[in-house]
Amino acid sequence: GEDQQVALPVAAIKSLLGVIQRTNSGTMMGLEMELKQASDEMLKFANDPFNSNMLGGRSHIALASGCELFLKYITRCFLELPDFNECIEQIIYRGQRFSDISIAAKERIASTGTAFIQPGSTVMTHGWSSVVSSLLIQAAKDTHFEIIILEGRPDASGAKAAASCYAKAGIPTTVILDSAMAHVMERVDMVIVGAEGVVENGGIINKIGTYAMAIAAKELGKPFYVAAESFKFARLYPLNQSDLPTMGEGMEEHLKFVDTACWISTGGAYGKEHKETTMEGDGSDGSSRSVPGLVVLPKEVKVENSLCDYTPAKYITLLLTDLGVLTPSAVSDELIRL
Amino acid sequence: MHRVRLWKGDVILTYAKNDLIEMLLSRQEKKFRVILVDSRPLLEGKEMLEKLMDSGIECSYILLNSLSYVMKEVTKVFLGASALMSDGSILSRVGSASVAMMAKSHNVPVLVCCETYKISNRVQLESITWNELGNPEDVLSPAMTTSKKWEEERGEEKKENVDSSDKHFRLLNLLYDLTPSEFVSGIVTEMGILPPTSVAVLLREMNPQDNTFKASEYL
């Protein structure tokens, strides 16, 4: 199932471990420099817009925070074990366990999270998060509840998640338009989302639309929970939406508004040329594109397509993490200690 | 301190004088402008204004009265601190609390720049008790330009129309005030940026020898 999909930070840490195992450096400083270089290379790769499709269009924040935490762990390890070889052994051991730790983290979050879902409740979620889906599937084994999920434009991740994951697990699922979120919020008992990154003040960075959902939930008195592993805690302190790290230039060109119903009908041919139906210009200004449902805009109209938004801590009720159930202000406390 | 980065076109508001903020602003690379707010009787902002202009930063200078007028253009507020209480409230130059409150009502983030040695394990609930008093006469003294103009026009020294020896009259020149933590978006220290709720944790981490409370003794 989704266990085969290795989380981005886990893959990154595996690469860093590779660097450690192959190092010729005999000192901690030399090794740290090599690791810093390696993680900078990875981040550069992740930032490049051409590679974003490979990463599934996800932000690189989890990658950056995972690398940084691992590098910090290495520095701390060296302070405790001054002998270079002993330290390396410990780091490799810990690093290899990291992927197990990350899977165990998901399981831990899933088991603490099930207590939050009351029988007969309606849960709203957004985006495709393997942590949230494992939590909800785990809860479904003991409790009966239903899910409302937003479509999740432009990548239709909500529609994908609903169709492939929850229906298979037998949870009654409803897909709604992104814009219908506030309209439906009064019927919902709780909101739960994942996170690309958890920032220092306890806020989160997640798929675009999460901020709006958090504001609506707060206004209507619905609890807003975030399920995230601790390696997603990033050393970022955004003050507002425009303070987010940019994904790199050129992302805007890749935006094409796709009708998610067409995503299903074109078999996922999002943005690609659909061979069968090529329609000629139908008399309007622009000629129709070949993928049905694609909206063609005049060149003068600018398009903005942020992938992520920032939800401040005050909208978040609790964070469900592998370190336990935390209030947003506790995130900074944990980071101070790391 | 290097974690604070300003964006191009930022409008920074700062109050009175603070060396940390002056250092932070003069080291930024992107183009931004500063609105410097000052207040009587100290008018400390003038010194800060000189230093910022020497660094080549575009500055505006206003008194505290015009604050509500300029606040809608401001993108970030930087304040200094004399002390940091362990609940995250800030003890700083009198007038800072007003600046922070005004910023909050306009949804402008407020960053307080403060070194960690200024953290106090005290919690203050109001600003009168532990404050300091300046010279009360300073509150009444007229601005230099006003009295000069009066002398030129009327040929006599400007007299106070208030008799400060009157027993019904009290002068109060407070030097500090307390900014509640809910007006503060982040505290910039040499250890990075913290939310106000984490000040107590930082105090604990920095002074492990002062941890006399052990939960295990009570359970």
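Residues numbered from 1 in each chain as written. Chains lettered and ligands numbered in written order. Predicted model: local features only at pLDDT ≥ 70, side-chain atom pairs only at ≥ 80, totals over all residues. Heavy atoms only, no water.

**Student:** Just to check I follow, could you spell out the side chain of A:Thr321 for this structure?
**Tutor:** When you line up the elements, A:Thr321 lands in strand β9 (residues 318-321). In this structure the side chain of A:Thr321 is engaged in a polar contact, spanning 2.8 Å, whose partner is the backbone oxygen of A:Gly324. (Helix = DSSP H or I, 4+ residues; strand = E, 2+ residues; numbered from the N terminus. Polar contact = N/O pair within 3.5 Å; in protein donor to acceptor, adjacent residues only side chain to side chain.)

**Student:** Looking at this structure, how should I read the environment of B:Val11?
**Tutor:** All names here are of chain B. For valine 11, the location among the structural elements is in strand β1 (residues 10-15). Residue class for valine 11 comes out buried when judged on its relative accessible area of 7%. Spatially, the C-alpha atoms of valine 11 and glutamate 58 are 9.9 Å apart, while their sequence positions differ by 47 residues. Leave out the neighbours within four places in its chain, and valine 11 touches Arg33, Ile35, Glu73, Val74, Thr75 and Lys76. (Buried < 20%, exposed > 50% of the residue type's maximum accessible area, 1.4 Å probe, protein only. Contact = heavy atoms within 4.5 Å.)

**Student:** Please clarify how the interface of chain A and chain B should be interpreted in this entry.
**Tutor:** A common measure of how large an interface is: the accessible area buried when the components associate. Of the residues lining the interface, 14 residues belong to chain A; the matching set on chain B comes to 17 residues. In total, chain A and chain B occlude about 1300 Å² of area from one another, counting both sides; carbon and sulfur atoms represent 56% of this. Counting the contacts that link chain A with chain B gives 0 salt bridges. Where chain A touches chain B, the interface holds 5 residue pairs in polar contact (both at pLDDT 80 or more). Tallied by class, residues from the side of chain A that touches chain B come to 4 nonpolar, 5 polar and 5 charged. (Buried area = accessible area lost by both parts, 1.4 Å probe. Salt bridge = Lys/Arg side-chain N within 4 Å of Asp/Glu carboxyl O. Nonpolar A, V, L, I, M, F, W, Y, C, P; charged D, E, K, R; others polar.)

**Student:** Help me understand the confidence of the model for chain B, please; the structure alone is not making it clear to me.
**Tutor:** Do not read the fine detail of predicted coordinates wherever pLDDT is low. A residue-level look at chain B finds 89% of positions with pLDDT of 70 or above and a mean pLDDT of 86. Per the prediction output, this complex has pTM 0.78; the corresponding ipTM is 0.75. (pLDDT = per-residue confidence, 0-100.)

**Student:** Sorry if this is basic, but what is going on with the sheet that holds strand β4 (residues 190-193) of chain A here?
**Tutor:** Two orientations exist for strands paired in a sheet by backbone hydrogen bonds: parallel and antiparallel. Residues and elements named next belong to chain A. One open sheet accounts for 7 strands, arranged β3-β2-β1-β4-β7-β9-β10; its pairing is mixed. A single partner strand is all that each edge strand has here, and the edge strands are β3 (173-176) and β10 (324-326). Averaged over neighbouring strand pairs, the angle between their axes works out to 25° when direction is ignored. The pairing of strand β1 (residues 122-125) with β4 spans 2 bridges and is parallel. When the sheet's bridge partners are listed, methionine 124 is paired in β4 with valine 191. Contacts from helix α5 (residues 130-142) reach β1, β2 (146-150), β4, β7 (224-227) and β9, with the element oriented near 130° to β4. (Pairing = 2+ DSSP bridges. Axes fitted to C-alpha atoms, helices over the stretch in contact; angles between N-to-C directions.)

**Student:** Is there a simple way to think about the sheet that holds strand β6 (residues 90-93) of chain B in this case?
**Tutor:** Residues and elements named next belong to chain B. As summarised here, the arrangement of the 3 strands in space is β5-β6-β8, forming an open sheet in which the pairing is antiparallel. Lying at the two open borders of the sheet, with one neighbouring strand each, are β5 (83-84) and β8 (176-179). Relative to β8, β6 is paired through 4 bridges, and the arrangement is antiparallel. In the sheet register, isoleucine 90 faces β8, and the bridge partner there is threonine 179. Sitting on the sheet, helix α4 (residues 96-105) is in contact with β6 and β8, with an inclination near 30° to β8.

**Student:** Please explain the nonpolar core as it appears in this structure.
**Tutor:** Taken as a class, soluble globular proteins show a tendency for nonpolar side chains to be buried jointly. Core analysis: the biggest nonpolar cluster contains 31 residues, and B:Leu13, B:Met71, B:Val77, B:Leu79 and B:Val112 have the highest contact counts within it. Those elements giving two or more residues to this core turn out to be β1, β2 (32-38), α3 (67-70), β4 (76-80), α4, β7 (110-113) and α7 (199-206) of chain B. Discounting residues that sit within four places of it in the chain, B:Val77 has contacts with B:Leu13, B:Met71, B:Val99, B:Ala103, B:Val108, B:Pro109, B:Val110 and B:Leu111. Core analysis: the second largest hydrophobic core is formed by 29 residues, A:Val193, A:Ile316, A:Leu326 and A:Ala330 among them. (Core = buried A, V, L, I, M, F, W, Y, C linked by side-chain atoms within 4.5 Å.)

**Student:** When you look at unusual backbone geometry in this model, what are you seeing that I'm missing?
**Tutor:** Trans peptide bonds make up most of the peptide bonds, and negative phi angles are found at most residues other than glycine. Residue and element names in this part refer to chain B. At the junction of arginine 40 and proline 41, the peptide bond is cis and its omega measures out at -5° in the coordinates. The backbone of alanine 16 sits at a positive phi, close to 55°, despite the residue not being glycine. For alanine 16, the location among the structural elements is in the loop between β1 and α1 (19-26). A positive phi angle is found at leucine 43, which is not glycine, with a value near 50°. As for its placement among the helices and strands, leucine 43 is situated in the loop between β2 and α2 (45-54). By relative accessible area, which is 27% here, leucine 43 ends up partly exposed.

**Student:** How should I be thinking about a nonpolar patch on the surface in this particular structure?
**Tutor:** Together, B:Ile128, B:Leu133 and B:Leu172 make up an exposed nonpolar region whose accessible area comes to about 340 Å². Residue placement: B:Leu133 occurs in the loop between β7 and α5 (137-140). (Patch = residues over 30% accessible without salt bridge, like charges linked within 9 Å, V, L, I, M, F, W, Y side chains within 5 Å. Areas by Shrake-Rupley, 256 points an atom, 1.4 Å probe, with all protein chains shown as cover.)

**Student:** Sorry if this is basic, but what is going on with the pattern of salt bridges here?
**Tutor:** A complete count under the given rule lists 11 salt bridges over all chains for this structure. Put simply, A:Glu229 and A:Lys232 hold a salt bridge, and the shortest N to O gap is 3.0 Å. Just as A:Glu229 is buried, A:Lys232 falls in that class too. Close ionic contact of B:Lys51 with B:Asp19 constitutes a salt bridge, the shortest N to O distance being 3.6 Å. With B:Lys51 in helix α2 and B:Asp19 in helix α1, this pair connects stretches of sequence that are 32 residues apart.

**Student:** It is not clear to me how the packing of α1(B) against α2(B) should be interpreted in this structure. Could you clarify?
**Tutor:** Helix-helix packing is characterised by the crossing angle of the two axes and by the distance between the axes. All names here are of chain B. Between α1 and α2, whose axes approach to 10 Å, the crossing angle comes to 20°. Judged on the interaxial angle alone, α2 and α1 are roughly parallel. The hand of the α1/α2 crossing is right-handed. Contacts from Asp19, Ile21, Glu22 and Leu25 of α1 reach α2 at Met48, Lys51 and Leu52. (Parallel < 35°, antiparallel > 145°, perpendicular 65-115°, else oblique. Left-handed = near helix turned anticlockwise from the far one by under 90°.)

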